[in-house]
Each structure stands twice: as structure tokens, then as C-alpha cells.
Amino acid sequence: MANNILSAEQEQKLLQPIDSYVGAIQDKVNALREDGTDKVLDLTIAIETVKKDRTLAQGEKENRLAEYSKALEQAKGIENRNKAEIDKLIADAETYLKEHFDQEYYQPVKASCQAEKEQAKAEYEKALAALAKDHESNLASLKEKQDIDDENYVYKNRKFDAKLTYRNNLQQIKDRQHAAFAHRYHLLDLLKMSRFSFAENRAQKWENYKYTFNSRSFLLQNGLYIAIIIIFIGLCIATPIVKGGQQLLTYNNVLNILQQASPRIFLALGVAGLIMLAGTDLSVGRHVGMCMTISTIVMHQGINTGGVFGHIFDFTGLPVLARVVLALLCCICASVIFTTIAGFFTAKFKMHPFICTMANMLVIFGLVTYATKGVSFGAIESTIPKMIIPKVNGFPTIILWAAAAVAIVWFIWNKTTFGKNLYAVGGNAEAAAVSGISVFKVTVLAFMMAGVLYGFGSWLECIRMVGSGSAAYGQGWDMDAIAACVVGGISFTGGIGKIRGVVVGVLIFTTLTYSLTILGIDSNLQFVFSGIIILVAVTLDSLKYVQKK
């Protein structure tokens, strides 16, 4: 085993011819880039600097820009002339590395590291055996209880030190192997100026994942999902047994789950933005009830049977498409008004969103119930669902609406200044304010964005359910949306979360509810399952936060 272990000098000797060959190519590439690519980069930076320099007179700025632009064109010409030769040299280096790096360097180092691990384990076990022998010998000569306790304490500490030494040795071996793997990409990085292929990027990401993998962190991040997958597998096995052969995981069932989850994704995306700010929204369900009522009134089949403050609305004179658009705009406007009010009080008076949104919840429900006498407004025009969310070969296109919402919100969170500010304010509002970010503006915009999503999602739900709008509709949806965000990794500590987590959270709860319903589990017991999942999710989130602290 010791014969397979490479010394640092032996490892360097294996690497030397590879570094020499690729280094020689690197020197040639650098020489070819000196008057081309390197100058293009320098001149591009210089031009941008001059454009932003307010200390220069207009004439001097124009002269410098003209001079730099002329030099830039020359440099680009040299770059284009040398491109073919540079590409040929890089291809030569890549071919050489492919033929020699793994076989002549990385594999011997990998084998050496494996032998070192075995040697480290053997030494650790030998050290433990020696410590145990010494401990037994020492105990044999002791009679006093205090002395025996002291010996046991010393023995425990010595075992801990031995284990710590063993772990440090393993980490050093792991570092060595990782460095050997990364060296190839270091050479390519210099040659290709960090322009790796897709396969090269994936290989590096996989290696970095293995290198940084920690079982404790992995379980904290994914333990809940693993448990839910196991539960769902159990439900898939139990369903045919309980329901006489009926399968749970079928194509139609999956489409039904996605169809039911689609409007809820809008609501969860809205709440997620507020949780990112270390807040929440208790009024989501009441927004759904309000917007369902508005949508049903506007898109009602014929004259409305119920009234609002005693007035009977009749929109049958408008074209169907106009009524659909009007219903959407009314829903969005109504929701945005109430969420903006909550956002204003949260941002201006530093009130906790819990209080502001609870007030909204009470006001919305009371207002809609009083205005409509709490009645349901029946069905909407039967042609509307086929127009807005038709089924194409059995596929419900409402899923595409949800997918579009996910894509748009992902873009806002990750590719816009507002999204970056949202993370910053959620992470540390005081630091964000010091850096020049308007906390007030970000907070209010987050609430307004939530209102748009609530209105849109409720409008879709009304079309999916073909109406049946009432003030009571959506009761409990606020808890579902918040729970989906928490399960999906949107942290209540603020500034932490991803869009895909929101989607996963919604799908988890929708799938669980659907599965338990098929199994005939009482709806009250379903709340128990949901509560346990929420409790575990928040516990894991708290543990992750404590670990970071």
C-alpha cells in the first residue's frame, strides 16, 4: 500500500512534462493575444472609463474616444488574423491533456489518495487500540471513584483527538485529489479565457459538489423532501391495495394535480416575495374570495342573480372576450389596492406584515360579505374556460399560464434591479438602506407585485371552477400558500429562497392533498399531515439559520 503513495516530489515529477507542454503553448497564445485580444479588452475598458469620466471636457473626451476607437479597430484586426492560429494551439493543448493528463497524472494521484485513506484509517484504528490498551492498564491500577472518572474523561478526550486527527488527514487527502482534478481546468482556463464547454462546466460542477458535500448540510437541505418522497411512494403502494387496483401515479392524475396547483402557484409566488422581506400575508385567501366574486359577477352567465350593495350587475351586453379582460383587470386592481395599503403601512410605519395583512383579511372579508350578503354568484359563461384554458388533446393549458408566471417572476427576482434589491432588503434592511436602496420602495413594490399575482391567480381559479364566486371561497388558501413557500425553502429569516422552491412546495401540498383524498382520508386528518410538514420545514429552516450563525 505504501508503494502506491506518491510523495509531493513524485507528484510534481508526473505533472512537470504536462505543465511544460501546455505552458509552452500558453506562451505562444499569450504572444499572439498581446497585440490583439489583450488590447481589445484594455481599450474597451478605457473607452467605457472615458465615457463615464465627467472631469474631461467634451472636446478632449471626443478626441480620446476617437483615438481609442481607432486603436480598437486595429487590435480587432490583429485578433481576427490570429484567431485561427490560437484556436489551433488551444486544440493541440486540449488533445494533449485528453491523452496524457488522466492516465499519466490524475489517475496515479487518485490511486495514491486512496492508498493514503486506507493508511490513515489503519493508523487511526491502531491509535484507538493503543489508547484502549493504555486505558485498561490505567484503570486496573485505580481504586478511587474520582480517579476512575478522571481516567475515563482523559480517555474520552484522547479518542476525540485521535478522531480529529484522522478527519484532518482525510480532509488533506481530499484536498490533494481535488487540486489534482482542478489543475487540468486551471490550464484550460488560461488558454480558453474561462470559456468552457457545457460538458467541461458540468464536470467541474459535479466535482465541486462531491468535494463540498456534507451529509449534515445535505439532510438539512433535503431531508424533508426525502421524507415526502418516501411518504408518496408509500401512498402509491397503498392506493392499489386500499382501492382495489386503482393506481395513484397515472398520467391523468398527474395532470389533475398540475391543473389544481396552477392557480395556487400564482398565490405562492406573491407570498414568497413578502416572505423574502421577512414578512408574510394572512389575507391571501380573502383576496381569492374577493377576486372570485368579482370575476364571477363580470363573467356571469346572463344577468347576475345576486347584487352588490343591492345593485344587480349585467355585463351581457359586452363581448365575451371583453368581459374576460375586464374581469382580469378588476381582479388585479382590487388586489393591488389592498396589498399596496398593507405595503404602505409596513414600509412607512415599520408595522409587521402580520398585523397589516390580518387587518386586510378582516376588511376584505367583511366588505365583500356585507356587499354580497355572502351569497354565491353561480356559473360564468360556459365558453370562457374553452377560450382561456382549453384542453389540447387532454392537456390542460392552465398549466402553461402557471409556467409563464414562474418564468416571469424568476426573471424579475434574478435579472432585474428590483429582484436584487428584494434579496438585499430581505437579508438586511439596514445595510440595504445604507447602500442606497430605498427600502420603502422595494417593500411597496413587493406588495404590489403580490397583488397582481393574487388577482391573476384568482381569475384563473374562477375560470377553472367555471365561477361559483363567493366571499368564503379561498378560506385557508393563505396557510397553503405560506406553507408551500416554507416547504420550498423560502426562509422566514428573509433574503433566502428560490423560485423553484416555491413551485416544489405548491406541488408537494397539492399532491399530498390529492393523494390523501383518493385514499379516502378524512379532510380533518389531512390538516394534521400538513401541519406536521410545516412544523418540520420550519424546524429545518431554523436549524439551517442557527448553523449559519
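Only a predicted model underlies this, so the values are computations on that prediction, with no experimental measurement involved.

Criteria and cut-off values
Counting restarts for each chain: residues are numbered from 1 in the order of the written sequence. This being a predicted model, a pLDDT of at least 70 is required before a residue's local features are given, and a value of 80 or more before pairs of side-chain atoms are given or counted; all residues contribute to the totals for chains, interfaces and linings. By convention in this description, side-chain values take in all heavy atoms of the structure and omit both hydrogens and water. Runs of H or I in DSSP of at least four residues are treated as helices and runs of E of at least two as strands, each being numbered from the N terminus. Here the globule rule reads 2.2 Å times residues to the power 0.38, and the radius of gyration is calculated from C-alpha atoms. Partly exposed describes any residue whose relative accessible area lies between the buried limit of under 20% and the exposed limit of over 50%, with all areas from a 1.4 Å probe on protein chains only and scaled to the type maximum. In what follows, residue pairs with any heavy atoms lying within 4.5 Å of each other are defined as contacts. Using the Shrake-Rupley algorithm and a 1.4 Å probe, accessible areas are obtained, with residue cover drawn only from the displayed protein chains. Here a polar contact is recorded for every N or O atom pair within 3.5 Å, except that within protein the pair must consist of a potential hydrogen donor and a potential acceptor, and residues adjacent in sequence are included only if both atoms are side-chain atoms. Aromatic rings from Phe, Tyr and Trp, with only the six-membered ring used for Trp, were paired whenever their centres fell within 6.5 Å, and each pair was classed as stacked if the ring planes differed by under 30 degrees, edge-to-face if by over 60, and tilted otherwise. Both a distance and an angle decide whether a charge sits over a ring: NZ of Lys or CZ of Arg must be within 6 Å of the ring centre and within 35 degrees of the ring normal. In the sections that follow, a salt bridge refers to a side-chain nitrogen of Lys or Arg positioned within 4 Å of a carboxyl oxygen of Asp or Glu. Disulfide: a pair of cysteine sulfur atoms within 2.5 Å of each other. Inter-axis angles, ranging from 0 to 180 degrees, are taken between N-to-C directions of lines fitted to C-alpha atoms, where helices are fitted over the stretch in contact. The labels follow the angle: roughly parallel below 35 degrees, roughly antiparallel above 145, roughly perpendicular from 65 to 115, and oblique for the rest. Left-handed describes a crossing in which the near helix is turned anticlockwise from the far one by less than a right angle; the clockwise case is right-handed. Classification convention: Asp, Glu, Lys, Arg as charged; Ala, Val, Leu, Ile, Met, Phe, Trp, Tyr, Cys, Pro as nonpolar; all other residues, Gly among them, as polar. Nonpolar core, defined: a set of buried Ala, Val, Leu, Ile, Met, Phe, Trp, Tyr and Cys residues in which side-chain atoms within 4.5 Å join the residues together. To obtain the bend at a residue, axes are fitted to the seven residues ending there and to the seven starting there, and the angle between these axes is taken. Surface patches are drawn from residues lacking salt bridges whose relative accessible area is over 30%; two like charges belong together within 9 Å, two nonpolar side chains (Val, Leu, Ile, Met, Phe, Trp, Tyr) within 5 Å. Only four residue types enter the charge count: Lys and Arg as positive, Asp and Glu as negative, with His and the chain ends excluded. Taken as the charge centre is NZ of Lys, CZ of Arg, CG of Asp or CD of Glu, depending on the residue.

Caption draft 1: Local environment of the overall build of the protein chain. When its secondary structure is counted, the protein chain shows 18 helices and two strands. Here the C-alpha atoms of the protein chain give a radius of gyration of 32 Å, more than 25% beyond the 24 Å that 2.2 N^0.38 yields for 549 residues. Considered along the principal axes of its C-alpha atoms, the protein chain spans approximately 95 × 90 × 55 Å. Buried residues in the protein chain amount to 41% of all 549 residues. When contacts within the protein chain are restricted to residue pairs at least 6 apart in sequence, those whose partners lie at least 24 apart make up 78%. About 30100 Å² of surface is accessible on the protein chain, with carbon and sulfur atoms providing 61% of the total.

Caption draft 2: Summary view of the environment of Thr 239. Here Thr 239 shows up in helix α6 (residues 215-242). For Thr 239, a relative accessible area of 0% translates into the label buried. Residues Thr 239 and Leu 519 lie 280 residues apart in sequence; the distance between their C-alpha atoms is 6.2 Å. If sequence neighbours within four positions are ignored, Thr 239 has contacts with Gly 244, Gln 246, Gln 247, Leu 248, Ile 518 and Leu 519.

Caption draft 3: Spotlight on unusual backbone geometry. Even without a glycine there, the phi angle at Ser 194 is positive, about 65 degrees. Tracing the backbone through its elements, the reader meets Ser 194 in the loop between α4 (145-192) and α5 (198-212). According to the relative accessible area criterion, Ser 194 is partly exposed, its value standing at 49%. Positive phi is not limited to glycine here, since Ser 468 has a value of about 65 degrees. For Ser 468, the location among the structural elements is in the loop between α15 (439-464) and α16 (477-487). Accessibility expressed as a relative area gives 33% for Ser 468, which makes it partly exposed.

Caption draft 4: Structural context of the side chain of Glu 200. With respect to the secondary-structure elements, Glu 200 resides in helix α5. When its relative accessible area of 14% is taken as the criterion, Glu 200 is described as buried. Polar contacts involving the side chain of Glu 200 include one to the main-chain amide nitrogen of Ser 197, which spans 2.9 Å. With near-sequence residues (within four places) excluded, Glu 200 lies in contact with Glu 94, Tyr 185, Leu 188 and Lys 192.

Caption draft 5: Representation of the packing of aromatic side chains within the structure. Under the counting rule described, the total for this entry stands at 21 aromatic pairs. Judged by centre distance (6.1 Å) and plane angle (85 degrees), the rings of Phe 344 and Phe 440 are edge-to-face. Within this pair, whereas Phe 344 is found in helix α9 (residues 320-348), its partner Phe 440 is found in helix α15, the two being separated by 96 residues in sequence. By relative accessible area, Phe 344 is classed as partly exposed at 35%. Taken together, the ring pairs in this structure connect Tyr 106, Phe 181, Tyr 185 and Phe 196 into an aromatic cluster. Directly above the ring of Tyr 370 sits Lys 373, whose terminal nitrogen or CZ lies 5.2 Å from the centroid.

Caption draft 6: Molecular detail of the pattern of salt bridges. Scanning all chains against the criterion turns up eleven salt bridges. Note that Arg 64 and Glu 60 form a salt bridge whose closest N and O atoms lie 3.0 Å from each other. Separated by four residues within a single helix, Arg 64 and Glu 60 lie in helix α3 (residues 58-140), roughly one turn from each other. Among the salt bridges present, the one from Asp 480 reaches Arg 264, with a minimum N-O distance of 3.1 Å.

Caption draft 7: The arrangement of the state of the cysteines in detail. Applying the stated criterion to the full structure yields zero disulfides. Among the cysteines around Cys 291, which has no disulfide bond, Cys 331 carries the closest sulfur, lying 4.3 Å off. Between Cys 462, a cysteine without a disulfide, and Cys 331, which holds the nearest cysteine sulfur, the sulfur-to-sulfur distance is 7.3 Å.

Caption draft 8: Broad picture of the packing of helix α7 (residues 251-276) against α16. Contact geometry for α7 and α16: axes closest at 8 Å, N-to-C directions at 65 degrees. It follows from the interaxial angle that α7 and α16 lie roughly perpendicular. Where α7 crosses over α16, the two elements pack in a sense that is right-handed. Facing Arg 264, Leu 267, Ala 268, Val 271, Ala 272 and Ile 275 of α7, the residues of α16 in contact are Trp 477, Asp 480, Ala 481, Ile 482 and Cys 485. Of the residues in the contact of α7 with α16, the class split is nine nonpolar, no polar and two charged.

Caption draft 9: Seen up close, the nonpolar core. The biggest cluster of nonpolar side chains holds 99 residues, and the ones touching the most others in it are Leu 269, Met 299, Trp 413 and Trp 459. Filtering out sequence-adjacent residues up to four positions away, Trp 459 remains in contact with Ser 295, Met 299, Val 324, Ala 327, Leu 328, Cys 331, Ile 388 and Trp 401. One finds Leu 6, Leu 15, Val 29 and Tyr 105 within the second-largest nonpolar core, a separate group that totals 26 residues.

Caption draft 10: A look at the packing of helix α8 (residues 284-298) against α15. As a packed pair, α8 and α15 sit with axes 8 Å apart at the nearest point and diverge in direction by 55 degrees. As judged from the angle between their axes, α8 and α15 are oblique. When the axes of α8 and α15 are compared, the crossing they make is right-handed. Between α8 and α15, the contacting residues are Val 284, His 287, Val 288, Cys 291, Met 292, Ser 295 and Thr 296 on the first element and Tyr 454, Gly 455, Ser 458, Trp 459, Glu 461 and Cys 462 on the second. Along the lines of polarity and charge, the residues of the contact of α8 with α15 split into seven nonpolar, five polar and one charged.

Caption draft 11: Spatial organisation of helix α1 (residues 8-34). Helix geometry: α1 is bent most strongly at Leu 15, by close to 35 degrees, with proline Pro 17 lying one to four residues after it. Of the positions making up α1, those classed as buried are Glu 11, Leu 15, Ile 18, Val 22, Ile 25, Gln 26, Val 29, Leu 32 and Arg 33. Contacts made by the buried residues of α1 are with α2 (37-52), α3 and α4.

Caption draft 12: Region of the structure containing a negative patch on the surface. Taken together, the side chains of Glu 34, Asp 35, Asp 38 and Asp 42 define an acidic patch exposed on the protein surface. Its location among the elements puts Glu 34 in helix α1.

Caption draft 13: Just the side chain of His 287, in detail. In this structure, His 287 sits in helix α8. At 3.1 Å, the side chain of His 287 and the side chain of Ser 335 are in polar contact. Residue contacts for His 287: discarding those within four places in its chain leaves Ser 335, Phe 338, Thr 339, Ile 364, Tyr 454 and Ser 458.

Caption draft 14: Quick peek at the environment of Ile 398. Tracing the chain through its elements places Ile 398 in helix α12 (residues 398-415). Separated by 47 residues in the primary sequence, Ile 398 and Leu 445 place their C-alpha atoms 26 Å from one another. If sequence neighbours within four positions are ignored, Ile 398 has contacts with Gln 259, Ser 262, Pro 263, Ile 389, Leu 460 and Arg 464.

Coordinates in, geometry out; function isn't part of it.
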